[in-house]
Structure formats: structure tokens, C-alpha cells
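Letter by letter, the chains look like this.
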Amino acid sequence: MLQIRNLYASIDGKEILKGINLQLPSGEIHAIMGPNGSGKSTLSQVLAGNEAFEVTAGEVLYQGKNLLEMPADERARDGVFMAFQYPVEIPGVSCAQFLRSAVNAVRKHRGKDALDAMDFLALTKEKMKLFDLGPELMRRSLNVGFSGGEKKRNEGFQMAMLEPALAILDETDSGLDIDALKVVAQGVNTLRDPQRSFLVITHYQRLLDYIVPDRVHVLSEGRIVRSGGKELALKLEESGYAWITDQPHLESAS
Amino acid sequence: MSQINRCFELPGATHLAFNNGSLSAEHQGELGSILPEGVSLDLDQGIELRLGEGVELDRPIHLAYHNSAAVSPGSPALETRIIVGPGSRGTLIESSSGLCGNAQGAAQHSVLQLGEDAALDHVKLQREELSSIQRASSKVSARARSNYRSHEINIGGGETRRQLDLTLCGEGARCELAGLNLAFGRQRMESRVRVTHAAAGCATDELYKIIVGDDARALFDGLILVETDSQLTRAHQSNRNLLLSDRARITSMPRLEIYADDVRCSHGSTTGELDAEQLFYLRTRGFTPDAARALLVHAFASEILEGVEFTPLREWLTGEVLRRLPGGELIGEAA
């Protein structure tokens with residue numbers, strides 16, 4: 001699904017990613033953990049196509065295609081989805097208007113007919129339930145006045161509507177209480193599919209109690225310094241990041 | 001851009017068409033059956049539309065001006081007088097369309113008088129051909145406890161200058177003034193709005209928005225004047241603008257002049273570009289750059305358009321705004 005090879009990226013001339021290597025097969029969930037400032041969010045922004053970040057070396061293959069050559073919107077239509085750590089508020093654009101345009105852009109790209117108003121409504125009702133959201137949300141301006149939990153659940157709901165092949169969850173657990181976290185995790189788990197891969201980026205192990213990863217990678221100073229099974233996350237929870245990040249240049253295959 | 005449709009009838013409105021200031025032949029002999037009860041139209045000197053006392057219009061009246069004749073500068077204006085009797089209420093739409101070519105059309109001047117306790121919802125829509133030169137003005141007086149709502153919407157014209165001069169002359173009169181100027185290519189638009197609080201206890205809520213792209217230029221000059229005896233005035237003026245290109249220019253001159261001491265007044269002006277984070281968010285959901293921009297520009301304009309209560313007009317305006325935005329057709333269906 002996704003192959004990242006020797007990826008270097010910088011912003012405003014400051015190098016953040018310093019040679020990331022990662023292989024994410026179809027149907028798997030991989031977690032990226034790491035301390036603040038290790039480059040977790042930069043990695044997700046680069047994968048989503050944020051042009052503020054400059055890729056200085058390396059390559060990323062998505063379903064065999066050169067991802068870095070695709071503009072952000074093309075990646076989205078082609079099945080890449082990022083759930084934002086800080087979902088953006090857009091006054092004056094209703095959730096319904098936004099989502100119907102987005103869903104139909106993606107459907108058109110996949111050679112499907114646009115959904116009419118009735119089919120769209122039926123689909124939103126079904127998918128909103130997964131993330132415990134009510135229909136009144138569709139009339140509200142996108143993310144405006146949403147609580148932290150509503151914003152994150154809305155990201156999950158959008159993911160369910162857009163049916164991506166690759167979903168990147170950027171610190172989806174930040175700012176969530178335990179109940180909201182469970183709702184989001186449950187929603188994500190229903191979307192698990194042999195044809196769909198997840199990259200779950202998180203600072204804390206807590207989320208991984210509910211979204212159980214196949215692999216865990218530890219990011220430190222722009223490199224993956226350790227990879228392992230889900231037990232690696234538990235070890236990090238017990239011992240903190242210091243025991244890994246203090247050991248320089250511990251390269252690992254994924 | 002395709003040519004602006006000459007025929008512009010809004011379903012559900014009483015339609016009165018004027019060509020070069022004269023009532024269109026289509027209405028000859030049938031005025032009596034078109035005009036609602038309590039409404040009279042006098043065409044001896046310009047156009048005079050009069051709502052008697054306590055008249056409630058159940059559908060908007062649409063005065064559609066079409067000017068096909070060029071005039072020399074300084075020619076007299078075509079004048080429309082609208083008199084809304086005490087306690088009467090209704091919606092009035094004035095639209096202007098016209099000339100092709102770099103020609104000047106006759107200036108259009110409206111005088112509106114709102115009697116005591118009257119309420120008028122007034123939409124003034126300018127949809128001239130993109131090469132024409134056009135001047136229009138409205139002079140409004142609002143008596144005690146009357147309520148004047150205005151939407152001035154400019155989407156056409158090569159070079160247009162619009163002026164609104166409003167006097168709140170009776171105690172407790174209120175006005176709500178909204179404006180939307182949308183200029184692309186080499187369009188030039190000027191809006192000058194002058195509100196005089198000449199009586200106590202009146203209120204003004206004013207919001208003008210300007211969107212400019214390409215090489216267009218626009219100017220907003222807004223003055224709220226509060227006279228000495230106009231105590232307990234409440235007035236708020238806001239001008240918010242969106243620049244869609246490096247070459248476009250906006251000049252904003254918001255002004256307050258206050259000569260009374262017990263008032264609550266404020267004004268503000270902001271000019272900005274589209275938000276890069278919002279654009280990126282939309283693109284990660286599959287919106288092309290054009291569609292993402294169109295959605296955000298439409299959202300900016302919709303704050304004004306949603307205030308237009310007559311649904312057929314609001315929908316027509318929404319369609320026109322989207323039609324002028326690259327990528328607008330991509331979001332039109334969902335908008």
C-alpha cells in the first residue's frame with residue numbers, strides 16, 4: 001500500500017524528517033509513536049500533500065504510484081485520507097455542502113455516478129451512527145463551534161464517507177476524553193478492511209488499547225529508531241521514550 | 001463569461017419592465033390587473049410607485065430597468081420615486097441591465113420615502129454588461145419607527161458608481177444595510193454609503209462586502225453621521241473584503257462622525273486573502289484548487305446573499321456568483 005524510502009523533508013529551511021523508511025502493507029494498521037517534535041505531524045502533512053513542507057530527498061510509493069508527484073487533492077481523490085489533529089473551521093460552508101461535494105469528487109474519480117440528495121442523506125445517516133453524531137450537524141458550518149470531541153468524530157465520519165484506501169490519523173486522540181476516544185476508535189475499527197491500511201500517529205499508547213496496531217514504529221529526531229509489535233507501545237508507556245531515544249542511531253527494518 | 005440574460009423575470013414577483021425609462025410595451029393596458037391593491041404607478045414624471053397607508057404586499061414588486069440607449073455624460077438621470085405609506089410593508093427589487101460596448105447608460109436615481117411604521121425590504125441589483133459605464137444612486141428617508149432593509153448587489157458593469165444616501169429622520173427608525181460587490185477582469189466599482197442619524201433612538205447595521213479578482217478595483221466609502229440631538233443612537237458599520245489576486249485593489253474608507261454624546265457606535269474594516277489552511281483542508285478532501293477557492297468565496301458572499309429573503313432572487317444570485325468563479329460549477333449543485 002505505502003512504501004516510504006529515505007524520506008527527508010523540511011519547513012522554512014529547517015530539516016524535520018531525516019531519512020524515514022517504512023512499509024505499510026494492505027490491510028494493516030501501523031502506529032507511529034514518538035515524543036513531541038520528533039516529526040510525527042510533519043510526516044502526516046507530507047503524506048497528505050501540504051506544500052508548505054519541502055521534500056528534499058527520498059520517495060513515497062502509494063499503490064505503486066509516486067505519491068509525492070501528486071497534488072493534495074489528487075491524493076485525496078485517489079484514496080488517501082488524513083484525519084487532522086486540528087480540523088479547520090470553515091464558516092459559511094455547511095457540513096452537508098462540503099461533504100456532498102467531497103464525496104462526489106471522489107466518486108467521480110472512481111468512475112461512480114454522483115450521489116443524489118436522497119442517497120447522500122441515507123449514506124450520511126448510516127455513517128454518522130458509527131461516530132455517534134446527530135443529523136443536525138449537517139446543517140452547521142464545518143467545525144465552527146464544534147467541541148474538541150465533535151471535531152475528531154467529524155473527521156472519522158468524513159473518513160467513513162470517503163472510504164479511503166490509506167487513512168492517516170494524526171493525533172486523533174489528542175484532546176479527547178476516554179468516552180469520545182472509545183467512540184472514535186470503535187468507528188475506526190468498523191472501517192478495518194483487507195483493502196485498507198491505517199497509519200495511526202499518536203503520542204500516547206492509550207489510543208492503541210482500542211485501535212490495536214499490527215506494527216509500532218518509534219520516531220525520534222526525524223528517524224524511525226525502533227519498530228516492533230504492539231507490545232512495543234506498552235513498553236513505551238511503562239518506560240517513556242528516553243530508553244529508546246537516548247540510544248543514538250538504532251536503525252531497524254520495518 | 002456569457003452575456004447577461006436580458007430577460008430577467010423572477011417567478012412570484014410582480015414584474016414591471018422599463019426600457020430606457022419607459023414602461024415596456026408588454027404592460028400597456030394591463031397595469032390595473034398587475035398592480036396589487038393599494039399600489040399605484042404614475043409615469044408622468046419619471047416613475048412614481050406609491051404604496052398607500054397600511055398596505056401589505058404579499059409578493060415583491062420588481063422594477064426591471066433595461067437601458068439600451070447610450071447617452072452623453074451629464075444627461076439627466078432616470079428617476080424613480082418610491083413612496084411607502086405609513087404602516088405599509090413589502091419587498092421592492094430594482095434591477096438594472098443594459099448596454100453593450102464602452103458606452104455610458106443613463107444614470108438611475110431612486111428616491112425612497114418610508115412613512116411612520118413602514119417597513120421596506122429593498123434589493124438593488126446591478127447586472128449591466130461588463131463593458132458599460134453606469135451611475136446609480138438611492139436617496140432614502142425613513143420616518144419614525146420605520147424599518148429599511150437594503151441589499152445592494154453589484155455583479156456587472158465595466159465601471160459602476162453606486163451611492164446610497166439615507167436619513168433616519170424620525171425617532172426609532174432602523175436600517176439594515178448590506179452590500180456585495182463582485183468584480184473581476186478590469187471591472188471598476190465604487191460604493192458610497194452615507195447614513196445620517198437625524199433623530200434620537202435610531203439604529204444602523206451596515207455590512208458591505210467586496211470580492212475582487214484579476215485586475216479589478218473597488219472602493220467602499222462609508223460614513224455614518226450622528227447629529228447633535230440624536231441621542232441613544234446605535235450604529236455599527238463593517239466593511240469586509242476579499243482579495244483574490246495580487247493585482248486587484250480595494251480602497252476602504254469607513255468613517256464615523258458623531259456629534260451626540262449618548263451613543264453606541266462602532267466601525268471596522270478588514271481586507272484579506274483566502275485562508276491557506278482552509279484551502280489545504282478542502283484539498284485533502286478532494287476539492288481541486290479552483291473548487292476549493294470557489295467554495296470559500298461563495299461562503300464569504302453567502303453571508304450577504306442569505307439575507308435576501310425572496311427565495312427565487314437569492315437562488316438566482318447564488319447561481320450568478322458561482323458562475324463567475326472558476327470552479328463554481330463544481331460546487332454549484334451542492335451549494
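Let me begin by describing the structure that accompanies this report. The numbering scheme is per chain: residues are counted from 1 as the chain's sequence reads. Labels are handed out in written order, letters beginning with A for the chains and numbers beginning with 1 for the ligands. Confidence filtering applies because this is a predicted model: local features only for residues at pLDDT of at least 70, side-chain atom pairs given and counted only at 80 or more, and all residues used for totals across whole chains, interfaces and linings. Computation of side-chain values covers all heavy atoms of the structure but excludes hydrogens and water.

Once that is clear, we can look at the overall build of chain B. Only DSSP runs of H or I covering at least 4 residues are called helices, and only runs of E covering at least 2 are called strands; the numbering of each starts at the N terminus. Of regular secondary structure, chain B possesses 5 helices and 19 strands. For a compact globule of 335 residues, the expected C-alpha radius of gyration is about 20 Å, and chain B comes in at 20 Å, within 12% of that figure. Each principal axis of the C-alpha atoms in chain B carries an extent, and together these give about 55 × 55 × 40 Å. Only protein chains enter the accessibility calculation, which uses a 1.4 Å probe; a residue is then buried when its area is under 20% of its type maximum, exposed when over 50%, and partly exposed in between. Within chain B, the fraction of its 335 residues that count as buried is 55%. What makes two residues a contact is simply this: any of their non-hydrogen atoms within 4.5 Å. A separation of at least 24 residues holds for 81% of the contacts in chain B among residues at least 6 apart in sequence. Note that accessible areas follow from Shrake-Rupley with a 1.4 Å probe, and for residues the cover is restricted to the protein chains shown. Of the accessible surface of chain B, which amounts to about 13800 Å², a share of 44% is contributed by carbon and sulfur atoms. For the purpose of counting charges, residues Lys and Arg are taken to be positive, whereas Asp and Glu are taken to be negative. His and the chain ends are not included. Here the site of a charge means atom NZ of a Lys, CZ of an Arg, CG of an Asp or CD of a Glu. Of note, chain B has its 33 positive side-chain charges centred 5 Å away from the centre of its 45 negative side-chain charges. In this description the radius of gyration comes from C-alpha coordinates, and the expected globular size is given by 2.2 Å times residues to the power 0.38.

Bringing the nonpolar core into the picture now. Generally speaking, a soluble globular protein has its nonpolar side chains buried in company with each other. Nonpolar cores are built from buried Ala, Val, Leu, Ile, Met, Phe, Trp, Tyr and Cys residues. Side-chain atoms within 4.5 Å join them into one set. Grouped together as the largest cluster of nonpolar side chains are 120 residues, with contacts concentrated most on L2, I4, L47 and F157 of chain A together with F287 and L313 of chain B. Counting residues per element, this core draws most heavily on helix α3 (residues 289–305) of chain B, at 11 residues. Segment limits for the domains were obtained from an automatic or database-derived domain assignment. Residues from two domains meet in this core; each of domain 1 (14–273) and domain 2 (274–335) of chain B gives at least three. L120, V140, L177 and A199 of chain B belong to the second-largest nonpolar core, a separate cluster that totals 48 residues.

Turning our attention to the packing of α3 of chain B against helix α4 (residues 311–323) of chain B. Residues and elements named next belong to chain B. α4 packs onto α3 with a crossing angle of 155° between their chain directions and a minimal axis gap of 11 Å. Judged by the angle between their axes, α3 and α4 are roughly antiparallel. Helix-helix and strand crossings are classified by hand; for α3 and α4 the assignment is right-handed. Residues H298, A301 and L305 of α3 lie in contact with α4, whose contacting residues are R314, L317, T318, V321 and L322. Classification used: nonpolar for Ala, Val, Leu, Ile, Met, Phe, Trp, Tyr, Cys and Pro, charged for Asp, Glu, Lys and Arg, polar for all others including Gly. Here the residues of the contact of α3 with α4 sort into 5 nonpolar, 2 polar and 1 charged. Fitted lines through C-alpha atoms serve as axes, helices being fitted only where they are in contact, and the angles separating the N-to-C directions of these axes extend from 0 to 180 degrees. Angle categories: roughly parallel below 35 degrees, roughly antiparallel above 145, roughly perpendicular from 65 to 115, and oblique for all the rest. Here is the rule for handedness: rotate from the far helix to the near one, and if that takes an anticlockwise turn smaller than a right angle the crossing is left-handed, while a clockwise turn gives right-handed.

Moving on: the sheet that holds strand β16 (residues 217–226) of chain B. Residue and element names in this part refer to chain B. In this scheme, strands are said to pair when DSSP sees at least two bridges between them. Pairing is mixed in the open sheet, where 9 strands are placed in the order β3-β4-β6-β8-β10-β12-β14-β16-β18. In this open sheet, the two edge strands, each paired with only one partner strand, are β3 (39–42) and β18 (249–258). Neighbour to neighbour, the strand axes of the sheet diverge by 10° on average, direction disregarded. Across 7 bridges, the pairing between strand β8 (residues 108–114) and strand β10 (residues 133–142) is parallel. In the sheet register, S110 faces β10, and the bridge partner there is S138.

The next subject is the pattern of salt bridges. Any carboxyl oxygen of Asp or Glu within 4 Å of a side-chain nitrogen of Lys or Arg constitutes a salt bridge here. Applying the stated criterion across every chain, the model contains 31 salt bridges over all chains. Members of the salt-bridge network, linked through shared partners, are R161, E190, R192, D221 and R255 of chain B.

All names here are of chain B. When you line up the elements, H62 lands in strand β5 (residues 61–67). Counting along the chain gives 16 residues from H62 to L78, while the straight-line C-alpha distance between them is 16 Å. Leaving out residues up to four positions away in the same chain, H62 has contacts with F8, L10, A13, T14, H15, L16, I93 and S95. Residues adjacent in sequence count toward polar contacts only when both atoms are side-chain atoms; beyond that, a polar contact is any pair of N or O atoms within 3.5 Å, and within protein one must be able to donate a hydrogen and the other to accept it. Within the structure, H62 has its side chain in polar contact with the side chain of S95 (distance 2.8 Å).

Keep in mind these numbers describe shape, not what the thing actually does.
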